[in-house]
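Descriptive analysis of the structure
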Amino acid sequence: MTWDWNYTFEILPRLMLGVWYTVLVTIASSAIALTAGLLLAILETASTRVGRAFVRFLLELFRGVPILVMLYFAFYVLPEFGVTLPALPIGIGVLGIVYAAFCSEVYRGSLITIPPAMRDACVALNLSSYITWRRVLGPLMIKRAIPALLNYVLALFRTSAYLFALGVPVLLGEAQVAGYENFRYLEPFTVAGVIYIAMNLPFLYLLSRFKDKHV
């Protein structure tokens, strides 16, 4: 099979639409993962024994079940219970929740590295729990967690391709549809791979620069 440049330029607008959805899914699910992960880490640390056990159960559930299984469950099973949502918000929500469990472990690990003397100093100054978390422990925890969290954002960018299984027009999905419609797979999948690499490399460069500033 030879390369067809006319066909390549014909499918390029469709692939660019896939790029837009890929970026949208990455940004939205990352926002959910980073925020919910922080809340889960705080709940696990500050809750009672029963609360910690419940949060730990949720974390193990979200981390242990394959993402595709959770996507299919949310898309095909939840409607049986009266919960029907479009594929895009389902995909964003599932990815955000799953990666929130991973981000929570990053936050918790960062919290463990904070010297106990910092907590003791807050107690000695009679700071409330809210002020202690907002002004002392929270900022330190987030700063130490940034390099690992950025890696999960990058992982979310790659995992966004899974949403093609629900019909969301992400880049991989658009490449697959183009291949089905024309029975030519060389051009769409090759171009999609090149686009993924082109989007990945600058992001990796920015991550490395950002990590160097937070070492």
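Computed from a predicted model, the values in this text were never measured in an experiment. (Residues numbered from 1 in each chain as written. Predicted model: local features only at pLDDT ≥ 70, side-chain atom pairs only at ≥ 80, totals over all residues. Heavy atoms only, no water.)

Moving on to the overall build of the chain. Along the chain, the regular secondary structure elements total 8 helices and 0 strands. Counting helices and strands in the order they occur from the N terminus, the chain gives α-α-α-α-α-α-α-α. Projected onto its principal axes, the C-alpha coordinates of the chain cover approximately 75 × 45 × 20 Å. Pairs at least 24 apart in sequence give 81% of the contacts found in the chain among residues at least 6 apart. Considering the chain, the positive charge centre built from 16 side chains and the negative charge centre built from 11 side chains are found 17 Å apart. (Helix = DSSP H or I, 4+ residues; strand = E, 2+ residues; numbered from the N terminus. Contact = heavy atoms within 4.5 Å. Lys, Arg positive; Asp, Glu negative; His and termini not counted. Charge placed at Lys NZ, Arg CZ, Asp CG, Glu CD.)

The next point concerns the packing of helix α5 (residues 116–124) against helix α6 (residues 129–159). Between α5 and α6, the shortest axis-to-axis distance is 11 Å and the interhelical angle comes to 170°. Between α5 and α6, the angle is such that the two are roughly antiparallel. For the pair formed by α5 and α6, the contact residues are Met118, Arg119 and Cys122 on the first element and Thr132, Val136, Leu137 and Leu140 on the second. Classifying every residue of the contact of α5 with α6 by side-chain character gives 5 nonpolar, 1 polar and 1 charged. (Axes fitted to C-alpha atoms, helices over the stretch in contact; angles between N-to-C directions. Parallel < 35°, antiparallel > 145°, perpendicular 65-115°, else oblique. Nonpolar A, V, L, I, M, F, W, Y, C, P; charged D, E, K, R; others polar.)

Another aspect to go through is the packing of aromatic side chains. Tallied over the entire structure, the rule returns 10 aromatic pairs. Ring geometry for Tyr72 versus Tyr76: centroids 5.8 Å apart, planes at 40°, classification tilted. Of this pair, Tyr72 and Tyr76 both sit in helix α3 (residues 67–77), 4 residues apart, which is roughly one turn of the helix. Here Phe75 and Tyr76 contribute two aromatic rings whose centre-to-centre distance is 4.9 Å and whose plane-to-plane angle is 85°, an arrangement assigned as edge-to-face. Counting every residue linked through ring pairs, the aromatic cluster contains Trp3, Trp5 and Phe9. (Phe/Tyr/Trp six-rings, centres within 6.5 Å; stacked < 30°, edge-to-face > 60°.)

Okay, the confidence of the model for the chain next. On average, residues of the chain carry a pLDDT of 86, and 96% of them reach 70 or more. Per-element confidence in the chain is highest for α3, whose mean pLDDT is 93, and lowest for α5, whose mean pLDDT is 78. (pLDDT = per-residue confidence, 0-100.)

The next subject is the packing of helix α2 (residues 49–64) against helix α4 (residues 87–112). Where α2 meets α4, the closest approach of the two axes is 8 Å, and the angle between their N-to-C directions is 125°. It follows from the interaxial angle that α2 and α4 lie oblique. With respect to the hand of their crossing, α2 and α4 are arranged in left-handed fashion. Contacts between α2 and α4 pair Arg56, Leu59, Phe62 and Arg63 from the former with Ile97, Val98, Ala101, Phe102, Ser104, Glu105 and Arg108 from the latter. Broken down by class, the residue content of the contact of α2 with α4 amounts to 6 nonpolar, 1 polar and 4 charged. (Left-handed = near helix turned anticlockwise from the far one by under 90°.)

Quick look at the pattern of salt bridges now. Inspection of every chain in the model, using the stated rule, returns 7 salt bridges. Where Glu105 meets Arg108, a salt bridge forms, and the shortest distance between an N and an O atom there is 3.0 Å. In this pair, Glu105 and Arg108 are both assigned in helix α4, 3 residues apart and thus about one turn of the helix distant. Overall, the relative accessible area of 26% leaves Arg108 in the partly exposed class. Bridged by salt links that share partners, the residues Arg56, Glu60, Arg63, Glu105 and Arg108 form one connected network. (Salt bridge = Lys/Arg side-chain N within 4 Å of Asp/Glu carboxyl O. Buried < 20%, exposed > 50% of the residue type's maximum accessible area, 1.4 Å probe, protein only.)

Looking now at unusual backbone geometry. Positive phi, close to 55°, is recorded for Phe183, a residue that is not glycine. As for its position among the elements, Phe183 is in the loop between α7 (171–182) and α8 (186–213). The exposure class of Phe183 is exposed, given its relative accessible area of 66%.

Quick look at α6 now. End to end, α6 covers just 37 Å across 31 residues, shorter than the expected 45 Å (1.5 Å per residue, more than 12% under). Within α6, the axis deviates most sharply at Ile146, by approximately 55°, and proline Pro147 lies no more than four positions further along. (Expected span 1.5 Å × (residues − 1). Bend = angle between axes of the 7 residues up to and from the residue.)

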